[in-house]
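# Chains, contacts and geometry: an overview
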Amino acid sequence: MKEKWMIRNIKCELKHLINELNISDTAARLLVNRGIYKVEDAKKFLEPKIDYFYKSDSMKDLSKSINLLKENIDHNKKILIVGDYDVDGVISTYILYKCLSRLNANVSYHIPDRIKEGYGINESIIRKASSDNVDLIITCDNGIAAIDQIKLAKDLGIKVIVTDHHDVPFKEDDNGNREFIIPEADCVLNPKQLECQYPFKGLCGAGVVYKLMEALMDVYNIYKEEIVDLLQYVAIATVCDVVDLVDENRIIVKKGLELLNNTNNIGLNALYEETEISNKTITVYTLGFILGPSINASGRLEQAFWALELLLSNDVNKAKQLAKKLNELNKERQDLTKEGVDKAISIIEENNMNNNKVLVVYLEDIHESIAGIIAGRIREKYNLPTIILTKAHEGAKGSGRSIEEYNMFEELLKCKDLLGNFGGHPMAAGMSIPIENIEAFRDRLNKVTTLTEEDIMVKVQIDMGLPLNKVNYELIDQISLLKPYGKANPKPTFGMRKLKLLEAKILGKNRNVLKLKLSDGGLVIEGIYFGDIESFEETMKWEFGDYEYGRVLNGEPNNVYLDVICFPEINEYMGNKKVQLVISNYRVSKQIISR
């Protein structure tokens, strides 16, 4: 796959940041590359504190929601929480239930079954709530698009508070003019409403719920420490929902990680033990690739109820059983995902679909809950917008994952006559479609797309070039000021040109780790690469021949030079520390980095 390496070249005077913040020029450049130019903004970024949270009352309908909740709590009226089956939905439900129970509310919850009920609040939930004499429904991580369902609830005399963070739905006329549609709930909390004055629009569903509960607990004079403790859960949702880790989200994750590393939640500690991370530092990686997938797996393959019960559990033995169940479900999900990815790649290669600009693959017998994960993996492999469809109760259902240059939701609008229900945003979407329309759908998407060869080329952003003699412990300390990394605050990347490859070793029982010894002609440093080892070997043999590559493997003198994109870190093994380069990309030294 072709790559275009590009150094971020943002023009900005760095001296004021360096002097005012007492940071290195490297740290200052990294801040500017992330759109942070002002000293005050930089201070908040480098030292995120909960004191920097915005006032909750600027969120539209928040005060009305507090009054409505207080009325129901004080008069013991029935409250039903309707959540969602992903991590954000489970955590949002947990926070609401935990807080309302703390206030002795008459509260229960329901998380829809992914397969039987689908996403969000539905008619059957509402009618059952009516028969159960529920007075108030609170949605979390859903509801902003539930126009008809919420109208039904209101017609049945049920009050509704919507808490959500998804884009507000709209109608579009023939001229492309859009009319945004807000459900007729008693209160709608969603910072993305045009009328909402809340300064930060990037909260996940659990973040919106937290702001509501923060204000409610204050009304009841509950100690602030209790609500702050909930940030550990909001942090999990924030990372796993892949929202931008800037502004309030950065504060949430920074404080949340601190709390998660000292949590007294019985369920979380059981999950730590089951996934073998009890004695390890909890990081963004831990949340996104270990804890989050385990929580998600229950909602994907069985019931999200299990994950919620784990978080709520006060029984150590029960928590261990639930943690084991979630971990086993996640392993099953991983196996199913690998099987689905392999099938998708076979279909793409056998049918020359990789010549398309947009991939649409029908996998009849995969579990519909993993279609989005498979789409993401295929998108990564080919760097093409990808939609994975599978057979459903009626027709087909699927999920799509996109690239920055392709607004998937806008492109789906061009095919709405071929689709059933669909929705999403520029980078991801979900849809239903009659099976007989799949071919036409694939053809239409590829016919109307304006993607060019340049668009589908992988763009690799480099923060700055870095000479080898600048790599030291002090540099690593300065870089670490930007943690935690995530969306909109990626791990910094550094380019190094024309490093001599002194030696290469392939390690691991699956031959999936490449260890390199590199030199600039004076200094020598180790590098580690976790990418496609087979492709590396093919590249070396193609460029230099088997004999020269053999000399590299044996650590013998050779003529191999590489450009690398890397991240310096400290490698600690058996009490010994040394600096190494974690290499994300490489190429043979002969090209010029684009500016």
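Structure: above.
A brief report on the enclosed structure follows. In this text the structure is predicted, and so the values were computed from the model without any measurement.

### Quick look at the sheet that holds strand β2 (residues 78-82)
Reading across from one edge, β3-β2-β4-β5-β8 is the order of the five strands in this open sheet, with parallel pairing throughout. Every other strand in the sheet has two partners, leaving β3 (106-110) and β8 (187-189) as the edge strands with one partner each. For this sheet, the mean angle separating the axes of adjacent strands, direction not counted, is 15 degrees. Here β2 runs beside β3; their pairing, made up of five bridges, is parallel. Bridge pairing in β3 links Val-82 to His-110. Those strands touched by helix α8 (residues 205-219) are β4 (136-140), β5 (159-163) and β8, and its axis lies near 120 degrees from that of β5.

### Describing helix α18 (residues 438-448)
What sets the pattern is the α-helix's 3.6 residues per turn: residues three or four places apart point alike. Within α18, the full set of buried residues consists of Ile-438, Phe-441, Arg-442 and Leu-445. Taken around the axis of α18, the buried residues stretch over an arc of 100 degrees, which confines them to a single face. When the buried face of α18 is taken as reference, the exposed residues oriented beyond 90 degrees from it are Glu-439 and Lys-447. Structurally, α18 contributes buried residues whose contacts are with β9 (359-362), β10 (386-391), β11 (396-401), α17 (408-413) and β13 (428-433).

### Things to note about the packing of aromatic side chains
Enumeration over the complete set of coordinates arrives at 13 aromatic pairs. Ring centres of Phe-170 and Phe-409 lie 6.0 Å apart, and the angle between their planes is 90 degrees; on these two criteria the pair is classed as edge-to-face. Note that Phe-170 is positioned in strand β6 (residues 170-172) and Phe-409 in helix α17, a separation of 239 residues in sequence. What links up through ring pairs into an aromatic cluster is the set Phe-170, Phe-180, Phe-409 and Phe-422. The ring of Tyr-382 has Lys-381 lying over it, and the distance from NZ or CZ to the ring centre is 5.6 Å.

### Concerning the sheet that holds strand β12 (residues 422-425)
Read from one edge of the open sheet, five strands run β9-β10-β11-β13-β12, paired in mixed fashion. This sheet does not close on itself; its edge strands, each paired only once, are β9 and β12. Taken pair by pair, the neighbouring strands of this sheet meet at an average axis angle of 15 degrees, ignoring direction. Contacting β9, β10 and β11, helix α16 (residues 371-382) crosses the sheet at an angle of about 40 degrees to β11. On the sheet, α18 packs against β9, β10, β11 and β13 and is oriented at approximately 170 degrees with respect to β9.

Definitions and limits used
- Residues numbered from 1 in each chain as written.
- Predicted model: local features only at pLDDT ≥ 70, side-chain atom pairs only at ≥ 80, totals over all residues.
- Heavy atoms only, no water.
- Pairing = 2+ DSSP bridges.
- Helix = DSSP H or I, 4+ residues; strand = E, 2+ residues; numbered from the N terminus.
- Axes fitted to C-alpha atoms, helices over the stretch in contact; angles between N-to-C directions.
- Contact = heavy atoms within 4.5 Å.
- Buried < 20%, exposed > 50% of the residue type's maximum accessible area, 1.4 Å probe, protein only.
- Arc of directions from axis to C-beta.
- Phe/Tyr/Trp six-rings, centres within 6.5 Å; stacked < 30°, edge-to-face > 60°.
- Lys NZ or Arg CZ within 6 Å of the ring centre and 35° of its normal.

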